Amino acid sequence: LVAVTPPDGPPDGGLVTLTGSGLTNDEAGPNTVTFGGLPATQVVAVSDTTLTCRAPAGTPGTRVDVSLANANGQSTLAQAFRYRDRPTLTGVAPTRGPVAGGTVVTLTGTGFVNDGAGANQVRIGGALALSVVTVDDTTLTCTTPPGAGGGPADVVLTNENGSATLAGGFEFFSAPTLASLTPNHGSAAGGTPVTLTGQGFLSTSGANLVLFGGVAAQDVIELSDTSLTCTIPPGTAGAQVDVT
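Residues numbered from 1 in each chain as written. Predicted model: local features only at pLDDT ≥ 70, side-chain atom pairs only at ≥ 80, totals over all residues. Heavy atoms only, no water.

A.B. asks: Which residues make up the side chain of Thr144, and what values go with them?
C.D. replies: With respect to the element layout, Thr144 can be found in the loop between strand S16 (139–143) and strand S17 (151–159). Among residues more than four places away in sequence, those in contact with Thr144 are Gly101, Gly102, Thr103, Val105, Ile124, Phe170 and Phe172. (Helix = DSSP H or I, 4+ residues; strand = E, 2+ residues; numbered from the N terminus. Contact = heavy atoms within 4.5 Å.)

Next comes the structure, spelled out in structure tokens:
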């Protein structure tokens, strides 16, 4: 054996070409190839000097010996193949956005460019992110897809060298809904306390602003994700107004 091409590959293994001599001539017989003692697959002797095979999976970041053996003996190239490191994910910013998608986020980590990483694919909550732009080996931007529902979603980055996951790295939040308010009338001078029921009121979705006919209510207090209280502002006597 004189060379292994390429001299590195993804942790899950990949196709490589071995060059040397004595691979077919002189009744060499079948060739066996190992990487760090693990057998390669799809071994094909193209000629007496060239052989192709698929390297087995190995430990990311390590170098291993490559050995070839047939009926005429064995040859080893010490530390001839390096398993590339897998990509890593360390952060997502911002960490929250609407369930409709469309939030531009920045992913940070390692292994986005170097070591033949190739194209990066990002999934958030299992759906493909849009407009993926690899800035450098540690930074990438993309646009969130629509979420299947509110709540935390895994962020997964995949390229030629493997996958990295941030469990629950992004949270989809739904638009709030209003179902009812009690009482549904009050003094034109304002000051009547009312209770709103619906969904999406929790403070993790940001501060709540309640409007009566476009005028802000006072003393907004979240009781739960489905209930809040507030005090109505002054209004026009006899007028019926929207509550937002």
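A.B. asks: Talk me through the nonpolar core; I want residue IDs and the actual numbers.
C.D. replies: Core analysis: the biggest nonpolar cluster contains 18 residues, and Val4, Leu18, Val33, Phe35, Cys53, Val66 and Phe81 have the highest contact counts within it. Secondary structure elements with two or more residues in this core: strand S3 (15–19), strand S4 (32–35), strand S7 (50–54), strand S8 (63–70) and strand S9 (73–83). If one sorts the elements of this core by residue count, S9 sits on top with four residues. Every residue in contact with Val4, bar those within four places of it in the chain, is listed here: Val16, Thr17, Leu18, Val66, Leu77, Ala80 and Phe81. (Core = buried A, V, L, I, M, F, W, Y, C linked by side-chain atoms within 4.5 Å. Buried < 20%, exposed > 50% of the residue type's maximum accessible area, 1.4 Å probe, protein only.)

A.B. asks: Account for the packing of aromatic side chains, naming residues and giving values.
C.D. replies: Geometrically, a pair of aromatic rings is defined through the distance of the ring centres and the angle of the planes. In total, this model carries three aromatic pairs according to the counting rule given. Measuring from centroid to centroid gives 5.1 Å for Phe81 and Tyr83, while their planes differ by 80°, and the two rings are edge-to-face. The pair Phe81 / Tyr83 is uniform in exposure class, with both members buried. Put simply, the rings of Phe35, Phe81 and Tyr83 touch in pairs and so form one group of aromatic residues. (Phe/Tyr/Trp six-rings, centres within 6.5 Å; stacked < 30°, edge-to-face > 60°.)

A.B. asks: Pulling in residues and values, what's your account of the pairing of strand S12 (residues 104–110)?
C.D. replies: Residues Val105, Leu107 and Gly109 line the buried face of S12, whereas the alternating positions Val104, Thr106, Thr108 and Thr110 sit on a face that is not buried. Here five bridges tie strand S10 (residues 88–93) to S12, and the two strands are oriented antiparallel to one another. From the neighbouring strand, Val92 faces S12, where its bridge partner is Leu107. Two elements, S12 and S16, share five bridges in a ladder whose sense is antiparallel. Bridged to Val104 within S16 is Thr143. (Pairing = 2+ DSSP bridges.)

A.B. asks: How would you summarise unusual backbone geometry if you had to cite specific residues and measurements?
C.D. replies: Here the residue pair Thr5 and Pro6 is connected by a cis peptide bond, since its omega of -5° sits within 30 degrees of zero. In the segment running from Ala93 into Pro94, the intervening peptide bond is cis, with an omega of -5°. Within the element layout of this structure, Pro94 appears in the loop between S10 and strand S11 (96–98). With a phi angle near 55°, Glu27 is a residue other than glycine that sits in the positive phi range. One can find Glu27 in the loop between S3 and S4. Notably, Asp115 is not glycine yet its phi reads approximately 60°, a positive angle. Note that Asp115 resides in the loop between S12 and strand S13 (121–124). Asp115 sits in the partly exposed class, given a relative accessible area of 28%.

A.B. asks: Before we move on, could you go through the layout of surface pockets and cite the residues and values that matter?
C.D. replies: Its boundaries defined by the atoms lining it, the largest pocket holds a volume of some 490 Å³. Lining the largest pocket are 23 residues; nearest its centre among them are His185, Gly186, Phe212, Ala239 and Val241. Residues that form the lining of the largest pocket fall into these classes: 13 nonpolar, nine polar and one charged. (1 Å grid on protein atoms, 1.4 Å probe; cavity = no way out; pocket = protein on both sides within 12 Å on 5 of 7 lines; lining within 4 Å. Points joined across faces, edges and corners; volume = space filled by probe spheres on them. Nonpolar A, V, L, I, M, F, W, Y, C, P; charged D, E, K, R; others polar.)

A.B. asks: Could you give an account of the sheet that holds strand S14 (residues 127–128), naming the residues involved and the relevant values?
C.D. replies: For sheets, the rule is that strands pair by backbone hydrogen bonds, running either parallel or antiparallel. Spatial strand order, S11-S18-S17-S13-S14: five strands in an open sheet with mixed pairing. In this open sheet, the two edge strands, each paired with only one partner strand, are S11 and S14. Note that S17 and strand S18 (residues 162–173) share eight bridges and pair antiparallel. Looking at S18, one finds that Val156 is bridged to Thr165.

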